[in-house]
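# Structure assessment
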Amino acid sequence: MNKILEVENLHFKYDKTQEVEQLSGVNFYVARGEWVSIIGKNGSGKSTTARLIDGLLEGFTGSVKIDNVLLSQENVWTLRKKIGMVFQNPDNQFVGATVEDDVAFGMENQGIARDEMKRRVDEALLAVNMQAFKSKEPARLSGGQKQRVAIAGMIALRPEIIILDESTSMLDPTGRDEMMRVIHEIKDKFKLTVLSITHDLDEAAHSDRIIVMNEGKIVQIAEPEVLFSSNKDMVEIGLDVPFTTNLMTDLERHGFDLPKAYMDETQLA
Ligand code: ADP
């Protein structure tokens with residue numbers, strides 16, 4: 001299997017004087033082209049894991065391999081280029097006076113030629129369905145549109161892995177649906193691998209596998225249909241979201257074959 005991301009035995013604490021670790025032995029991999037979600041209640045270590053993979057945290061033990069290269073202080077800037085992060089708050093991600101400037105910003109820092117930059121801006125805005133907003137002011141866009149512009153800026157830099165850190169949690173249902181559609185499309189078009197931290201189980205249902213974290217540890221890794229059918233009470237595995245039958249409907253809508261055992265139980269209920 002072609003593993004683009006491998007995380008082994010990560011231990012990390014923000015405050016070295018404290019006993020308690022924020023990550024205590026985190027192990028997982030993501031295969032090239034895969035879409036993996038990380039779910040778990042607040043404070044379980046999801047964002048810390050993402051930040052650490054993106055080279056933003058120092059002083060951890062264990063290893064992070066990106067494309068088979070061990071992340072270290074020396075190569076962090078090179079490896080970070082393979083990763084594109086999209087954060088929760090769309091308003092914190094803007095730097096340009098227009099949508100076009102904003103998408104070009106990261107490329108300007110990389111010294112990419114003007115023509116190539118223009119080409120990539122158009123291509124990226126088209127991919128997120130925001131080409132009509134090219135000369136608009138980012139501040140005037142809706143939350144969902146802002147997030148799509150943030151995605152455009154990121155894909156213009158040609159990452160191989162995109163990490164979404166609760167990037168749909170401030171959007172309304174329409175914005176969220178549109179964003180999910182865009183992620184599916186850009187994933188195929190740009191051959192991306194997706195690691196998505198989310199509170200939204202419907203969103204997690206889009207992924208190939210789901211990692212469940214609790215108190216700095218991974219408590220489960222499974223395909224959505226297996227996870228959602230084997231754990232009727234998500235609270236048991238450390239989630240603060242109730243397991244709903246809506247979710248089963250959503251899973252079916254996404255084309256999952258629900259395990260027979262689950263179907264039988266719901267029919268009885
Ligand atoms: P999640 O993303 O699952 O909500 P986080 O990774 O943000 O969890 O947080 C894991 C733990 O680390 C929490 O207890 C949180 O309070 C703590 N934490 C997060 N960021 C910092 C920080 N910058 N400094 C100190 N503690 C932090």
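Parameters and conventions
Residues numbered from 1 in each chain as written. Predicted model: local features only at pLDDT ≥ 70, side-chain atom pairs only at ≥ 80, totals over all residues. Heavy atoms only, no water. Near = heavy atom within 4 Å. Polar contact = N/O pair within 3.5 Å; in protein donor to acceptor, adjacent residues only side chain to side chain. Areas by Shrake-Rupley, 256 points an atom, 1.4 Å probe, with all protein chains shown as cover. Nonpolar A, V, L, I, M, F, W, Y, C, P; charged D, E, K, R; others polar. Pairing = 2+ DSSP bridges. Helix = DSSP H or I, 4+ residues; strand = E, 2+ residues; numbered from the N terminus. Axes fitted to C-alpha atoms, helices over the stretch in contact; angles between N-to-C directions. Contact = heavy atoms within 4.5 Å. Core = buried A, V, L, I, M, F, W, Y, C linked by side-chain atoms within 4.5 Å. Buried < 20%, exposed > 50% of the residue type's maximum accessible area, 1.4 Å probe, protein only.

### As for the site of the ligand
- Taken together, Y14, Q22, K41, N42, G43, S44, G45, K46, S47, T48 and R51 make up the full set of residues adjacent to the ligand.
- Y14 has a polar side-chain atom sitting 3.4 Å from a nitrogen atom of the ligand.
- Between the ligand and S44, the relevant distance is 3.1 Å, taken from an oxygen atom to a main-chain nitrogen or oxygen of the residue.
- Here the ligand has 570 Å² of accessible area as a free molecule, and 58% of this is covered by the chains.
- Tallied by class, the residues present in the shell around the ligand amount to 1 nonpolar, 7 polar and 3 charged.

### What about the sheet that holds strand β9 (residues 209-214)?
- Reading across the sheet, the 6 strands line up as β6-β7-β8-β3-β9-β10 and stay open at both edges, with mixed pairing between neighbours. Whereas interior strands pair on both sides, the edge strands pair on one side only; in this sheet they are β6 (83-86) and β10 (217-222). Between one strand axis and the next, the sheet turns through 20 degrees on average, direction left out of account.
- Pairing of strand β3 (residues 35-39) with β9 involves 4 bridges; the strand directions are parallel. Looking across to β9, one finds that I38 is bridged to I211.
- Taken strand by strand, helix α5 (residues 143-155) contacts β6 and β7 (161-165), and its axis lies near 165 degrees from that of β6.

### Comments concerning the sheet that holds strand β1 (residues 3-12)
- The strand order β2-β1-β4-β5 describes an open sheet built from 4 strands, whose pairing is antiparallel. A single partner strand is all that each edge strand has here, and the edge strands are β2 (23-31) and β5 (69-70).
- Two elements, strand β4 (residues 61-66) and β5, share 2 bridges in a ladder whose sense is antiparallel. Across the sheet, the residue bridging to K65 is L70, located in β5.

### Regarding the nonpolar core
- Core analysis: the biggest nonpolar cluster contains 32 residues, and V103, I151, I155, I183 and I186 have the highest contact counts within it.
- Sequence-distant contacts of I155, that is, excluding residues within four places in its chain, are made with A124, A127, V128, I186, F190 and L192.
- Of all hydrophobic cores here, the second largest spans 28 residues; its members include I4, A50, I66 and I211.

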